Amino acid sequence: MAAAARRRLKLASAARSAILAFAIAGALAIVVLSRRSAPPDVKSAFPAGEIVIGVDASFPPFALDNGERIEGLDIDLASALARELELPIRFENIGFYALHDALISGRVDMLVSALRVDPARMDDLRYTQSYFDNGLVVVGTRDTAQADAEAPAKARIAFEYASSADAEIRAWEVDGQWITMLPYELPEFALDAARLGLADGAVVDATTLRLYLRARSEWTPRYEYITHEPYAIALRIDRAEAWRLVDGALDALKESGELVTIIDSWL
Amino acid sequence: MSRVKHRRAWSLALALQSKRRALARLLLFGSLLALAVPRPVSDRVPLGEQQIVETANRQVCVHTLLENEVQEAKIKRSLVLARELGAATIVQFFPWAYYEPQRGRFSWDGADRIISHANRQGLRVIARLGLVPEWARPNGADKPTTLNYLPAESFDDFARYAAAFARRYAESVAAVIIWNEPNLSFEWGYRLVDPGAYVRLLRAAYGQIKAANSNMLVLAGALAPTLEGAGSAAGLNELDYLTAMYQDGAREIFDALAIHTYGFRDAPAAEPAPQRLNFRRAELLRDIMVAHGDADKRVFVTESGWNDHPRWSGAVRPSRRTAYTIQAFEFVAANWTWLENLCVWALRFPADLLSHPDNFTLVSADFKRKPIYYALQDYARGWERSETPWLPPPVAG
């Protein structure tokens, strides 16, 4: 009887210990999860009470110092983000070579400067989601993908001489041999050739295409990305809270359509 | 440890047997362990046959960036491209922080590798020296400093490095450049620039370099083209900076002036002016040299070029970049009798920076030669140039 009682007691004790351990683990999990889901605090993310933006204002139409003030797509985007976060904003115009140093040293809170996501910098930086893709696009009035090696006429592709499109297309030639290359002195000439039907397509970067189309609203070509150059906002790797806030604000701008409005106003 | 040494350890362990069995076991175990640990495979690349640069214009020079190139094969390949371009001279950076990681303890492997390959390709090397090791700069948590921060108390340490470099490469390097763009705050450790301090650095370096190797040419300046005025936090324009250098007695402590001159959006023949950044701005620096009695000194343009990024405000279109670059070489050959070399920034970066600086290069990070490379090669080697490589503007039919 005594032995049975001791066994029961032992089992009860073990059960209590297991329940206690489970309860502690559960409580810890709740604390951790609640911390994770708690909204980041703007005051602790930006303790100076303002957002300092590093920007290389030599990059129109993303940012340009016109002598009186800095303006451009990146400036409007950063201002809209600051409004979302209800914080004042200040811009520091910094040349590209010193831009990343300024972020890492804490001189600025983040970089909004037509920055391409660079995997090599990810030990030091944390990028937000992309806000614009400046990759190369193929533009045309017919589906150039249909023009393969068996077609009687090679696809005629126009591009700017010695540009990134030139390098991309010459690589296709090595691979495919199905292109008649039409190099032009300017990317606008390449787009003219596509628009006028002198080429089956043109390859330019997305910004160039959008700027070209702004002046020629009567032309509505088909286009498709063939490479990607995502532009994103960079923050220091140790500023996770600030990053979450900025990335969330960018989400809000996308959902509300404000990001598209900003891009359309410049490109 | 070499493979031979491992074999010796193995034999020794077997020979000891009974008398010192415990020690033998230990050695045996150690040797087996050492054999089991993977050893780095040597990536040394043969230097190859001695080459000669075939060129019709010995002023053609390129700035290389090999100090951060990990693979020796890429170092060699870059230098082969420089030779094939027809560039007889290269400018290459040799960071002090890499080669003297501890005070007085030099580690020259990286520099040896670059210089031996360059020499084997027949290239003349101009070495740019800079970048401060951690031990030579204050680096407290309260006041972190950048790699370009050289405190005055470390000037002599830098001078010792420069002298050691000049001694070691007496037969293989033609000239050294003391520091880079000291008229920019960024290149002066984010401090207000100080021509007087630079002259003191130059004086320390010149004396020790000449004592180590009297034949080594010492190039000063390498000033950045900028319009910044006195008191600017960003820097000081190179015209005022050079004038201040002369006023501080720099004339006797350099053999030639290194100049950085970029074309930005102007054609190479565009007139220079103090408030304009363009290629012929170099002539304004030359005028300052002449005014201070240095007319006989040579000039090396150690950085130059045009950029063809589609968005950067300081860039031109690629077609224009190519034309301007060739025109610049033709212009200096005809007009700048005082010029030794015109070096293009830059041959190639070890990795893309993913912004406009990539559009200064002649060869991409993955070794694709850009059209400007071929155009410059035609010029440098005296080959007949092809006709305009683009079509006339399209016209509606």
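Keep in mind it's a predicted model, so treat the numbers as computed, not measured.

Undergrad: I'm lost on the packing of aromatic side chains in this one. Help?
TA: When we look at a pair of aromatic rings, we describe it by the centre distance and by the angle of the planes. Summed over all chains, the structure comprises 37 aromatic pairs over all chains. Look at Phe 96 of chain A and Tyr 97 of chain A: their rings are 6.2 Å apart centre to centre, the planes differ by 75°, and that puts the pair in the edge-to-face class. The class for Tyr 97 of chain A is partly exposed, based on a relative accessible area of 42%. Ring geometry for Trp 108 of chain B and Tyr 161 of chain B: centres 5.9 Å apart, planes at 15°, overall stacked. Of this pair, Trp 108 of chain B sits in the loop between α4 (96-99) and α5 (109-120) while Tyr 161 of chain B sits in helix α6 (residues 155-168), and the two are 53 residues apart along the sequence. Sitting over the face of the ring of Phe 93 of chain B, Arg 128 of chain B holds its NZ or CZ atom 4.2 Å from the ring centroid. The side chain of Arg 348 of chain B reaches across the aromatic face of Phe 367 of chain B, ending 3.8 Å from its centre.

Undergrad: What should I look at first to understand the pattern of salt bridges in this one?
TA: Where charged atoms of side chains with opposite charge meet at close range, the side chains can pair. Residues and elements named next belong to chain A. One pass over the structure, following the stated rule, counts 37 salt bridges over all chains. Of the charged contacts, one joins Arg 69 and Glu 71 as a salt bridge, the two residues approaching to 3.3 Å between their closest N and O atoms. You can call Arg 69 exposed: its relative accessible area is 52%. In this structure Glu 71 comes out as partly exposed when scored by relative accessible area, which is 27%. Where salt bridges share partners, they join Glu 50, Arg 90, Glu 92 and Arg 107 into one cluster.

Undergrad: How should the state of the cysteines be read in this particular structure?
TA: Joining two cysteines, a disulfide is a covalent bond between their sulfur atoms. Residues and elements named next belong to chain B. Taken as a whole, this structure holds one disulfide over all chains when the rule is applied. Disulfide pairing places Cys 61 opposite Cys 343 at an S-S distance of 2.1 Å. What sets the handedness of the Cys 61 and Cys 343 disulfide is the S-S torsion sign, and at about 90° it is right-handed. Taken together, the residues Cys 61 in strand β1 (residues 60-64) and Cys 343 in strand β8 (residues 339-345) connect sequence positions 282 residues apart. Grouping residues by exposure puts Cys 61 and Cys 343 together as buried.

Undergrad: Got a minute to help me understand the interface of chain B and chain A in this structure?
TA: Accessible area lost upon the coming together of the parts is a frequently used measure of interface size. With 29 residues of chain B in contact, the opposing surface of chain A contributes 36 residues. By the criterion of area lost to chain A, the three top residues of chain B are Arg 311, Leu 354 and Pro 394 of chain B, representing 27% of everything that side buries. Remark: the boundary between chain B and chain A carries two salt bridges. A salt bridge links Arg 317 of chain B to Glu 160 of chain A, with the nearest nitrogen and oxygen atoms 2.8 Å apart. The interface formed by chain B and chain A holds five residue pairs in polar contact (both at pLDDT 80 or more) in total. No other element matches helix α10 (residues 318-335) of chain B, which puts three residues into the side of chain B that touches chain A. Grouping the amino acids of the side of chain B that touches chain A by side-chain chemistry returns 19 nonpolar, six polar and four charged.

Undergrad: For this particular structure, what's the right way to read the packing of α10 of chain B against helix α11 (residues 371-380) of chain B?
TA: Angle between the axes and distance between the axes: these two values describe a pair of packed helices. Residues and elements named next belong to chain B. Close contact between α10 and α11 brings their axes to 9 Å; oriented N to C, the two are set at 25°. Accordingly, the angle class assigned to the pair α10 and α11 is roughly parallel. Between α10 and α11 lies a crossing whose hand is right-handed. Residues Arg 321, Thr 322, Thr 325, Ile 326, Phe 329, Glu 330 and Ala 333 of α10 lie in contact with α11, whose contacting residues are Ile 372, Ala 375, Leu 376 and Tyr 379. Residues belonging to the contact of α10 with α11 are distributed by class as follows: seven nonpolar, two polar and two charged.

Undergrad: What is the right way to read the sheet that holds β8 of chain B from this model?
TA: Two modes of strand pairing occur in sheets, parallel and antiparallel, and in both the strands are linked by backbone hydrogen bonds. Residue and element names in this part refer to chain B. Spatially, the eight strands close up into a barrel ordered β1-β2-β3-β4-β5-β6-β7-β8, and their pairing is parallel. For this sheet, the mean inter-axis angle between neighbouring strands, taken without regard to orientation, is 30°. One ladder, built from seven bridges, connects strand β6 (residues 256-262) with strand β7 (residues 298-305); its direction is parallel. Bridging across to β7, Ile 259 finds its partner in Val 301. Contacting β6 and β7, helix α9 (residues 281-291) runs over the sheet at an angle of about 155° to β6.

Undergrad: Which parts of the structure should I look at to understand unusual backbone geometry?
TA: Where the residue is not glycine, phi is negative for most of them; where a peptide bond is considered, it is trans in most cases. Omega for the peptide link from Pro 60 of chain A to Pro 61 of chain A comes to 0°, which places this bond in the cis form. Inspection of the secondary structure puts Pro 61 of chain A in the loop between β2 (58-59) and β3 (63-65). Residue Ala 346 of chain B is bonded to the preceding Trp 345 of chain B through a cis peptide linkage, with omega at 0°. Position of Ala 346 of chain B among the secondary structure elements: in the loop between β8 and α11. Backbone geometry places Ala 114 of chain A, a non-glycine residue, at a positive phi of 45°. Of note, Ala 114 of chain A is situated in strand β6 (residues 110-116). In this structure Ala 114 of chain A comes out as buried when scored by relative accessible area, which is 5%. Its identity as a non-glycine residue notwithstanding, Trp 179 of chain B has a phi of 75°, on the positive side. Relative to the helices and strands, Trp 179 of chain B is located in the loop between β4 (175-178) and α7 (195-212).

Undergrad: In this structure, what is going on with the sheet that holds strand β4 (residues 70-71) of chain A? I would like to understand it.
TA: Here we have three strands laid out as an open sheet, ordered β2-β3-β4 (chain A), and antiparallel in their pairing. Of all the strands in the sheet, just β2 and β4 of chain A have a single pairing partner and so form its edges.

Undergrad: Is there a simple way to explain the packing of helix α6 (residues 187-195) of chain A against helix α7 (residues 206-214) of chain A in this structure?
TA: Residue and element names in this part refer to chain A. Axis separation between α6 and α7 bottoms out at 11 Å; the angle between their running directions is 65°. Judged by the sense of rotation from one axis to the other, the crossing of α6 with α7 is right-handed. Facing α6, whose interface residues are Pro 187, Glu 188, Leu 191, Asp 192 and Arg 195, α7 presents Thr 208, Leu 209 and Tyr 212. Grouping the constituent residues of the contact of α6 with α7 by class yields four nonpolar, one polar and three charged.

Undergrad: Quick question: what am I supposed to make of helix α3 (residues 72-85) of chain B here?
TA: Residues that lie three or four places apart on an α-helix share one face, since the helix turns once every 3.6 residues. All names here are of chain B. With 14 residues, α3 extends 20 Å between its outermost C-alpha atoms, agreeing within 8% with the 20 Å of an ideal straight helix rising 1.5 Å per residue. If you check which residues of α3 are buried, you get Glu 72, Ile 75, Lys 76, Ser 78, Leu 79, Val 80, Leu 81, Ala 82, Arg 83 and Leu 85. Its buried side turned inward, α3 meets β1, β2 (89-95), α5 and α11. Positive phi appears at Gly 86, one or two residues downstream of α3, with a value of about 100°.

Undergrad: I keep staring at the pairing of strand β3 (residues 124-130) of chain B and nothing clicks. Help me out?
TA: Every regular strand shows the same layout, with side chains that alternate between the two sheet faces. Residues and elements named next belong to chain B. The buried fraction of β3 amounts to six of the seven residues, a majority that puts the element mostly inside the structure. Relative to β3, β2 runs parallel, the two being bridged by seven bridges. From the neighbouring strand, Val 91 faces β3, where its bridge partner is Ile 126. In the sheet, β3 pairs with β4 via four bridges, with the strands oriented parallel. Residue Ile 126 lies in a different strand from β4, and its bridge partner there is Ala 175.

Undergrad: Any chance you could explain the side chain of Ser 78 of chain B here in plain terms?
TA: By the element assignment, Ser 78 of chain B lies in helix α3. Not counting the four nearest positions on each side in its chain, Ser 78 of chain B is found in contact with Leu 66, Leu 347, Arg 348 and Phe 367 of chain B.

Undergrad: Would you explain the pairing of strand β5 (residues 217-223) of chain B in this entry?
TA: All names here are of chain B. β5 sits mainly inside the fold: six of its seven residues count as buried. When β4 meets β5, the two strands line up parallel, connected through three bridges. Note that in β5 the partner of Ile 177 across the bridge is Leu 219. In this sheet, β6 lies alongside β5 in parallel orientation, the contact comprising four bridges. Within β6, the residue paired with Leu 219 across the bridge is Ala 256. Taking the sense of rotation as the criterion, the β-α-β connection linking β5, helix α8 (residues 238-247) and β6 turns out right-handed.

The rules behind the values
Residues numbered from 1 in each chain as written. Chains lettered and ligands numbered in written order. Predicted model: local features only at pLDDT ≥ 70, side-chain atom pairs only at ≥ 80, totals over all residues. Heavy atoms only, no water. Phe/Tyr/Trp six-rings, centres within 6.5 Å; stacked < 30°, edge-to-face > 60°. Buried < 20%, exposed > 50% of the residue type's maximum accessible area, 1.4 Å probe, protein only. Helix = DSSP H or I, 4+ residues; strand = E, 2+ residues; numbered from the N terminus. Lys NZ or Arg CZ within 6 Å of the ring centre and 35° of its normal. Salt bridge = Lys/Arg side-chain N within 4 Å of Asp/Glu carboxyl O. Disulfide = S-S within 2.5 Å. Contact = heavy atoms within 4.5 Å. Buried area = accessible area lost by both parts, 1.4 Å probe. Polar contact = N/O pair within 3.5 Å; in protein donor to acceptor, adjacent residues only side chain to side chain. Nonpolar A, V, L, I, M, F, W, Y, C, P; charged D, E, K, R; others polar. Axes fitted to C-alpha atoms, helices over the stretch in contact; angles between N-to-C directions. Parallel < 35°, antiparallel > 145°, perpendicular 65-115°, else oblique. Left-handed = near helix turned anticlockwise from the far one by under 90°. Pairing = 2+ DSSP bridges. Expected span 1.5 Å × (residues − 1). Right-handed = clockwise from strand over helix to strand, strands pointing away.

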